[in-house]
Amino acid sequence: METLTLTNMCMVTNEDGKVLMQKHGGNWPGWCFPGGHIEKNEPFFSAVIREVYEETGLTIESPMLCGVKQFFRRNGERYIVLLYQTDTYTGQLRSSPEGEVCWMPVERLYQQELAPGFEEMLPVFLQGHIQEVFYLPDMDTPTYY
């Protein structure tokens, strides 16, 4: 039986067209969209809402699944990231122990120190016709679908 880890990430866009970014430290340093692990028996939809709230103080609404990233860890475990987008939210933006958060123009993304592997996910969020980023075991270059 295959073991796997399920996570999520959400691109939140504000009324000015800026995206919500989070600067992580630790094991995955750099800027990326907020998200995190899906808990046991938790619906995917609820998990992305919870994670964005915990990390940013914003309660997102109507997150739409826009794609998937998957890769294999060294131990053979499959790691899946469900990718979401929304432009609907309420609340006050605040940083958390997960990292600093801010609104950033999309065109500035590529000028930042991005979290490892995050840049390879951006085509799913920004191009619309790409829905999957897939890494074969022991491969550093993704395949897009």
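Everything below is about the structure printed above this text.
Going along each chain's sequence as written, the residues are numbered from 1 onward. With pLDDT at 70 or above as the cut-off, local features in this predicted model cover only qualifying residues; side-chain atom pairs require 80 or more to be listed or tallied, and sums for whole chains, interfaces and linings still use all residues. Where side-chain values are given, they derive from all heavy atoms of the structure, hydrogens and water being excluded.

J.: Could you give me a rundown of the sheet that holds strand 9 (residues 100-104), with the residues and numbers involved?
T.: DSSP-based pairing: two strands are paired if at least 2 bridges between them are found. Numbering goes from the N terminus for both helices and strands, where a helix is a DSSP run of H or I of at least four residues and a strand is a run of E of at least two. Taken together, the three strands give an open sheet; going across it, the order is 3-2-9, and neighbouring strands pair in antiparallel fashion. The open sheet has two edge strands, strand 3 (30-32) and strand 9, and neither has a second partner. Along the sheet, successive strands turn relative to each other by an average axial angle of 30°, direction set aside. Two elements, strand 2 (residues 19-24) and strand 3, share three bridges in a ladder whose sense is antiparallel. To get an axis, fit a line to the C-alpha atoms, keeping to the stretch in contact for a helix; angles then go from 0 to 180 degrees between the N-to-C directions.

J.: I'd like a description of the packing of aromatic side chains, backed by residues and values.
T.: Any Phe, Tyr or Trp ring, taking Trp's six-membered ring, that has another such ring centre within 6.5 Å forms a pair; planes under 30 degrees apart are called stacked, those over 60 apart edge-to-face, and the others tilted. Using the criterion set out here, one finds five aromatic pairs in the structure. Both rings, one in F33 and one in F118, keep their centres 4.9 Å apart while their planes meet at 90°; by these two values the pair is edge-to-face. Of this pair, F33 sits in the loop between strand 3 and strand 4 (35-37) while F118 sits in helix 2 (residues 118-127), placing them 85 residues apart in sequence. Among the residues examined, F33 registers a relative accessible area of 1% and is labelled buried. Accessible area is worked out with a 1.4 Å probe on protein chains only. A residue is then buried under 20% of its type maximum, exposed over 50%, and partly exposed in between.

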